[in-house]
Amino acid sequence: MAARLLWASRAASHLRISVFPRGFATVVKDLKYADSHEWVKVGGNSATIGITDHAQDHLGDVVYVELPEVGAAVTQNTNFGAVESVKATSDINSPVSGKVVEVNEELNSSPGLVNSSPYEKGWIIKVEISDAGELKNLKDSDQYSKFCEEEDAEH
């Protein structure tokens, strides 16, 4: 099963975040989620993007992350990179449109951060959002949890 991915990062790592355990995956409150299993954390016109705990769990051990170049344009629901795991290679889609302003270079030497810390250290890119209206197309934590439960029940 190919999983698609979404990214967002916590702006302040010292803040406590609420999580909802769902089976073996965690969904973080206050993030937005794409159907392709990427998450996004919005702060002003900036978005941090990553893949969800649900996605990394289905992928297995991540061994490589293909990152875009800083300055690259990304479009909502369009591929900007890939995650290679011991099981498969899966596209990462952007949950928002905009310009890449930062990539997580640490993933070049430590791709396993996507597994061990998907919502914190394993973020993939940061984007300057070009159309904030696109955020309404994403799921909140409750909607995403339900989506994952329904998707897992189908398989």
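Computed from a predicted structure; not experimentally measured.

What counts as what
In every chain, residue numbers begin from 1 and rise along the written sequence. Per-residue local features are limited, in this predicted model, to residues with pLDDT of at least 70; the limit for side-chain atom pairs, both in listing and counting, is 80 or more; totals at the level of whole chains, interfaces and linings are taken over all residues. Note: side-chain values were computed over all heavy atoms of the structure, leaving out hydrogens and water. Helix and strand definitions follow DSSP, with helices as H or I runs of at least four residues and strands as E runs of at least two, each counted in order from the N terminus. The cut-offs for exposure are 20% and 50% of the maximum accessible area for each residue type, with area from a 1.4 Å probe on protein chains only; residues under the lower value are buried, those over the upper are exposed, and the others partly exposed. Residue contacts follow a heavy-atom distance rule, with two residues in contact if any of their heavy atoms lie within 4.5 Å. The method behind every accessible area is Shrake-Rupley, applied with a 1.4 Å probe, and residues are considered shielded solely by the protein chains displayed. UniProt positions are given in the numbering used here, feature names are shortened, and annotations may be inferred rather than shown by experiment. Pairs of N or O atoms are called polar contacts if they sit within 3.5 Å, as long as, within protein, a hydrogen donor faces a hydrogen acceptor (for residues adjacent in sequence, only side-chain-to-side-chain pairs). Pairing of aromatic side chains requires ring centres within 6.5 Å, counting the rings of Phe and Tyr and the six-membered ring of Trp. Pairs whose planes differ by under 30 degrees are stacked, by over 60 edge-to-face, and all others tilted. Any two strands are treated as partners once DSSP identifies two or more bridges connecting them. What makes a salt bridge here is a side-chain nitrogen of Lys or Arg within 4 Å of a carboxyl oxygen of Asp or Glu, nothing more.

Thoughts on the overall build of the protein chain
Stage number 1. The helix and strand inventory of the protein chain stands at four helices and 11 strands.
Stage number 2. The buried share of the protein chain, taken over its 155 residues, is 48%.
Stage number 3. Restricting to contacts in the protein chain with at least 6 residues of sequence separation, those with at least 24 account for 69%.
Stage number 4. With an accessible surface of roughly 7700 Å², the protein chain has 45% of that area assigned to carbon and sulfur atoms.

What about the UniProt feature "modified residue: N6-lipoyllysine" (unreviewed entry) in the protein chain?
Stage number 1. The positions UniProt marks with the feature "modified residue: N6-lipoyllysine" (unreviewed entry) are K87.
Stage number 2. Mapping K87 onto the fold places it in the loop between β8 (79-85) and β9 (89-93).
Stage number 3. Ignoring anything within four residues of it in the chain, the contact list for K87 reads D57, H58, L59 and G60.
Stage number 4. Polar side-chain contacts of K87 include one of 3.4 Å to the backbone oxygen of H58.

Points about the packing of aromatic side chains
Stage number 1. Taken as a whole and judged by the stated rule, the model has three aromatic pairs.
Stage number 2. Ring centres of Y33 and Y144 lie 4.5 Å apart, and the angle between their planes is 10°; this geometry places the pair in the stacked category. Taken together, the residues Y33 in strand β3 (residues 32-33) and Y144 in helix α4 (residues 141-154) connect sequence positions 111 residues apart. Neither residue differs from the other here; Y33 and Y144 are each classed as buried.

Points about the pairing of β8
Stage number 1. Counting buried positions along β8 yields five of seven residues, so the element is predominantly enclosed.
Stage number 2. As paired strands, strand β6 (residues 62-66) and β8 are joined by four bridges and run antiparallel to one another. Directly across from V62, in β8, lies its bridge partner S85.
Stage number 3. In this sheet, β9 lies alongside β8 in antiparallel orientation, the contact comprising five bridges. Following the sheet pairing, G81 is matched in β9 by I92.

So, the sheet that holds strand β4 (residues 38-43)
Stage number 1. Strand order in the open sheet made by the six strands is β3-β4-β5-β11-β10-β7, with antiparallel pairing throughout. Looking at which strands have only one partner, the edges of the open sheet turn out to be β3 and β7 (73-74).
Stage number 2. Two elements, β4 and strand β5 (residues 46-51), share six bridges in a ladder whose sense is antiparallel. Looking across to β5, one finds that W39 is bridged to G50.

Some points on the pattern of salt bridges
Stage number 1. Within the structure shown, the criterion is met by three salt bridges.
Stage number 2. D35 is paired through a salt bridge with K139; the nearest N and O atoms lie 2.6 Å apart. Note that D35 is positioned in the loop between β3 and β4 and K139 in the loop between β11 (125-129) and α4, a separation of 104 residues in sequence.
Stage number 3. Two residues, E102 and K126, come together in a salt bridge whose shortest N-O distance is 3.9 Å. Of the two residues, E102 sits in strand β10 (residues 98-103) while K126 sits in strand β11, which places them 24 residues apart along the sequence.

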